[in-house]
Amino acid sequence: MAEPEAESLETASEHERILREVDSTDTACIGPTLRSVYDGEEHGRFMEKLDARIRNHDREIEKMCNFHYQGFVDAITEFLKVRAEAQKLKNQVTDTNRKLQVESKKLVGAMEELKQCRLQQRNISATMDKLTQCLPVLEMDSKLREQMKSKRHYPALKTLEHLEHTYLPQVSHYRFCKIMVDSIPNLREEIKDVSMSDLKDFLESIRKHSDKIGETAMKQAQQQRNPDNFVSPPSKTGGRRLRREACTSSDPEGKNSSPVSEQDSGILDDEEEEEVPGAQDLVDFSPVYRCLHIYSVLGARETFENYYRKQRRKQARLVLQPPSNMHETLDGYRKYFNQIVGFFVIEDHVLHTTPGLVDRAYLEELWDMALSKTMAALRTHSSYCSDPDLVLDLKNLIVLFADTLQGYGFPVSQLFDLLLEIRDQYSETLLKKWAGVFRNILDADNYSPIPVVSEELYQKMVGQFPFHDAELEKQPFPKKFPFSEFVPSVYIQIKEFIYACLKFSEDLHLRYVAGTPLPSLAPVSDRTVRSSTEVDDMIRKSTNLLLTRTLSNCLQNVIKRRNVGLTELVQIIINTTHLEKSCQFLEEFITNITDVLPETVHTTKLYGATTFKDARHAAEEEIYTNLNQKIDQFLQLADYDWMAAEASGEASDYLVDLIAFLRSTFAVFTHLPGEVKAHATMPGKVAQTACMSACKHLATSLMQLLLEAEVRQLSLGSLRQFSLDVEECEAFARSGPVPGFQGDTLQLAFIDLRQLLDLFLDWDWSTYLADYGQPTCKYLRVNPATALILLEKMKDSSRKNNVFAQFRKNERDKQKLIEGVAKQLRSLINTHHS
């Protein structure tokens, strides 16, 4: 029971507390209090206590009202009185309020208008202040855009720098400024790209037009070499000054030129002016300056320098690559040189106008590469040249090429060394050309003495060829020179060859000797200055090659031709004799044009005399050979009956014809024009030698004919016929076909045959065998081996034709005699060999 009581007390106290809160709490906050009642299980009892509390409060209110009732009644009465006045006041206030509302609406509208005006005024003022701050930025941006549009990139880059560091920081809180700041790197890259594009256009343009630039530079150098047309050489401040150097040096952008014109591509129109002062005036270098300044400002100068040098190296390799057909024409070489000169003229100008972009070491490296490649190309292509005129023009072009580049400070001594190599090739081409000239002269010659019918023609010929003959001058016209047309023609062509050799040396050394001043572009220290002695030596060596190789081969070919006649060969002998005598005049001619005396220690001598002697000896040998061949042709007609019983009583027809041919041939020799006193010894000796050679060859051929293996048998009748033919030959020798032989000298050519035939025809073996080996032997020229061969043929003949004769005693004795002689001959042969 104690527990329920404790619970009821606790509940009662809780309800009391809640009632106090209800009394003291605002009705807006009574909800949570009442919720706590309904959350419990005693809300019924709480309602009872609440009702008790209400009834308690009602009793207290009733007590209070009863106590203040009179005052309340009085207050109500007063209140009712005031009610009517209040209604009246309310109506007045309402009317006043209505009027005030109407008037206030007008005032509020005016105030709103004023407020908007004040707001607009304040906004305008603020806007003007902000625009004042932004306007320079916008102006700079507009200027930048305009400069970019007009491709004035270097000023645009400067404007961009001012915009970034001066103007944009003042208005950096604006959104458009942030956009502009973000676009600045792109603008820089765009300027770099565009300037690089201009540089690429410039490089491409100068690559295409480098030959024109080089051509102008070489023309200047040529004018400087010509004293009649001299122009001042290009100096560092004059020749290398550009047409717009002033503006490009102060304004890399070149404001005074159109950025999209051809000038910005690198090449100016030189046709605008009648005279072009210099090669560099054809080039506008503003793209290089502009791009260099832009990359320098952007801190990428090294990148630009590396790119420029790399591209120019590539272009150098392209320029130095010669076309495959360069050797065909001089224009091919000229264009090749123009391109190289144009390349280095541009690089030299860049070296002096843009410090640091290229340096001397870089330029020397390029030149060394160019020099080696150029010399290799010239060696290769010049070796294909077969025209000496083209080689000579090439040499002049190389000299001009070297002079031009030397004027810009490039060493060219190796080019002049190369010219010495080309000089040897030039000599070879001259030799080939003159070989054709000599062949034409020799082929066109009629190999007959030159007739003259008047003094004028005589003096003309003497003026062309150094010839003097007092006896010939005394003879009346018409008369004949002893030589044929090819003598003066060959002499003139030899002099022309010497002149051609001299032409190659003109610009190398001859013009620097004998007191001639050197041009300013060719100092002695840098040029291979050759003395006149070297020129003389070169000319003499080349002339010796012409004589000993070219002319000698031509003469040898003419001499060895199949259809050459004996008369022509003799005329060649006469001609070479006169040409041999003219060699001293060629020596004097060379001395006159080189001013080098022949007594100089190292002077080369001409070998012309040896050449003409060799040709003359070859012609003589050919005469002998031709005669022998003719003799062989006649001997092929021989038709002996080696088994004939008796001789015909007269010489063979073929031999008679042969002797007649030899007589007529030697008669021609005897009546040559060379019989003139000055040349009488030459044809006489040739005729004597030819006659002796012919007789010896005839004797040898007859001996071979008698001993040849095909002739197996011989009869005494055939030997008698053969002896008649030999007698005809001996009669020819005794008749003296060529004057000058002493006694029977010519007849001795047939002594071997004569003694052999006499031995057999006289059958004088006892004398031969008894006297063999004695100096006074009658048959001293008879060889035992030869006699044995002939004896064997006669023995075989006796056996075959006299089969039954062996039964006769005389025939048997004869056979025994032949065998006995043969045995003794074999014994002599064996004794001789042992």
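Remember, predicted model here, so these are calculated numbers, not experimental data. Residue numbers run consecutively from 1 along every chain, following the written order of its sequence. Residues qualify for local features only when their pLDDT is at least 70, as the model is predicted, and side-chain atom pairs are given and counted only at 80 or more; totals for whole chains, interfaces and linings, by contrast, use all residues. To obtain the side-chain values, all non-hydrogen atoms of the structure were included, while hydrogens and water were left out.

## Remarks on the overall build of the chain
For step 1, the next point in the chain: Helix and strand assignments come from DSSP, with helices taken as H or I runs of at least 4 residues and strands as E runs of at least 2, each series counted from the N terminus. Counting secondary structure elements, the chain contains 27 helices and two strands.
For step 2, the next point in the chain: Think of it in three bands: with a 1.4 Å probe and only protein chains considered, a residue is buried below 20% of the maximum accessible area for its type, exposed above 50%, and partly exposed in between. Evaluated residue by residue, the chain yields a buried proportion of 43% over its 834 residues.
For step 3, the next point in the chain: When contacts within the chain are restricted to residue pairs at least 6 apart in sequence, those whose partners lie at least 24 apart make up 78%.
For step 4, the next point in the chain: Using a 1.4 Å probe, the Shrake-Rupley method yields the accessible areas, and only the shown protein chains count as cover for residues. With the model as given, the accessible surface of the chain reaches about 45400 Å², and the carbon-plus-sulfur share is 52%. Any pair of residues with heavy atoms lying within 4.5 Å of one another is described as a contacting pair.

## Regarding the packing of aromatic side chains
For step 1, the next point in the chain: Between rings of Phe, Tyr and Trp, where Trp is taken as its six-membered ring, a pair exists when centres lie within 6.5 Å; planes separated by under 30 degrees are stacked, by over 60 edge-to-face, and by other angles tilted. Going through the model one piece at a time under the given rule, you end up with 29 aromatic pairs.
For step 2, the next point in the chain: Between Tyr 336 and Phe 337, the aromatic rings sit 6.0 Å apart at their centres with planes inclined by 40°, giving tilted as the arrangement.
For step 3, the next point in the chain: Exposure remark for Tyr 336: the relative accessible area of 2% places this residue in the buried category.
For step 4, the next point in the chain: Note on Phe 337: relative accessible area 0%, which makes it buried.
For step 5, the next point in the chain: Plain terms: the ring middles of Tyr 458 and Phe 477 are 6.3 Å apart, the flat faces sit at 75° to each other, and that makes the pair edge-to-face. Residue Tyr 458 is found in helix α14 (residues 455-464), and its partner Phe 477 is found in the loop between α15 (470-474) and β2 (479-480); the two are separated by 19 residues along the sequence.
For step 6, the next point in the chain: Residue classification places Phe 477 among the partly exposed residues on the basis of a relative accessible area of 31%.
For step 7, the next point in the chain: Grouped by ring-pair contacts, the aromatic residues Tyr 458, Phe 465, Phe 467, Phe 477, Phe 481, Phe 483 and Tyr 491 constitute a single cluster.
For step 8, the next point in the chain: Sitting over the face of the ring of Tyr 362, Arg 309 holds its NZ or CZ atom 5.1 Å from the ring centroid.
For step 9, the next point in the chain: Definition used: whenever NZ (Lys) or CZ (Arg) falls within 6 Å of the ring centre and also within 35 degrees of the ring normal, the charge is taken to sit over that ring. The side chain of Lys 479 reaches across the aromatic face of Phe 477, ending 4.4 Å from its centre.

## Things to note about helix α16 (residues 486-504)
For step 1, the next point in the chain: Its 19 residues place the ends of α16 27 Å apart at the C-alpha level, agreeing with the 27 Å of an ideal helix rising 1.5 Å per residue.
For step 2, the next point in the chain: Of the positions making up α16, those classed as buried are Phe 486, Val 487, Pro 488, Val 490, Tyr 491, Ile 494, Phe 497, Ile 498, Ala 500, Cys 501, Leu 502 and Phe 504.
For step 3, the next point in the chain: Contacts from the buried residues of α16 go to α12 (388-406), α13 (413-444), α14, α17 (532-559), α18 (566-581) and α19 (583-594). One less than the residue count of a helix, multiplied by 1.5 Å, gives the span that helix is expected to have.

## Let's talk about the confidence of the model for the chain
For step 1, the next point in the chain: Scored from 0 to 100, pLDDT reflects the predictor's confidence in each residue. When the pLDDT values of the chain are averaged, the result is 77; 82% of them are 70 or greater.
For step 2, the next point in the chain: Ranking the elements of the chain by mean pLDDT puts helix α6 (residues 245-250) last, at 36, and strand β1 (residues 451-452) first, at 90.
For step 3, the next point in the chain: The low-confidence segment residues 229-277 (pLDDT under 50) makes 92 contacts with residues lying over four places distant or belonging to another chain.
For step 4, the next point in the chain: Below a pLDDT of 50 lies the segment residues 802-807, which in the model reaches five contacts outside its immediate sequence neighbourhood of four places, other chains included.

## A closer look at the packing of helix α9 (residues 301-319) against helix α10 (residues 330-353)
For step 1, the next point in the chain: Fitted lines through C-alpha atoms serve as axes, helices being fitted only where they are in contact, and the angles separating the N-to-C directions of these axes extend from 0 to 180 degrees. As a packed pair, α9 and α10 sit with axes 10 Å apart at the nearest point and diverge in direction by 160°. Taken together, the axes of α9 and α10 are roughly antiparallel relative to one another. Handedness of the crossing formed by α9 with α10: left-handed. Contacts between α9 and α10 pair Tyr 308, Arg 312, Gln 315, Ala 316 and Val 319 from the former with Tyr 336, Gln 339, Ile 340, Phe 343, Ile 346, Glu 347 and Val 350 from the latter.
For step 2, the next point in the chain: Residues that form the contact of α9 with α10 fall into these classes: eight nonpolar, two polar and two charged. Roughly parallel here means an angle under 35 degrees, roughly antiparallel means over 145, roughly perpendicular means 65 to 115, and every remaining angle is called oblique. Crossings are assigned a handedness: left-handed for a near helix turned anticlockwise from the far helix by less than a right angle, right-handed for a clockwise turn. Note that Gly is not counted as nonpolar here; it falls among the polar residues with everything else outside the nonpolar set of Ala, Val, Leu, Ile, Met, Phe, Trp, Tyr, Cys and Pro and the charged set of Asp, Glu, Lys and Arg.

## Overview of unusual backbone geometry
For step 1, the next point in the chain: Cis peptide bonds are those with omega within 30 degrees of zero, and the linkage from Phe 477 to Pro 478 qualifies with -5°.
For step 2, the next point in the chain: For Pro 478, the location among the structural elements is in the loop between α15 and β2.
For step 3, the next point in the chain: One non-glycine residue, Tyr 447, lies in the positive phi region at around 50°.
For step 4, the next point in the chain: By the element assignment, Tyr 447 lies in the loop between α13 and β1.
For step 5, the next point in the chain: With a phi angle near 50°, Trp 763 is a residue other than glycine that sits in the positive phi range.

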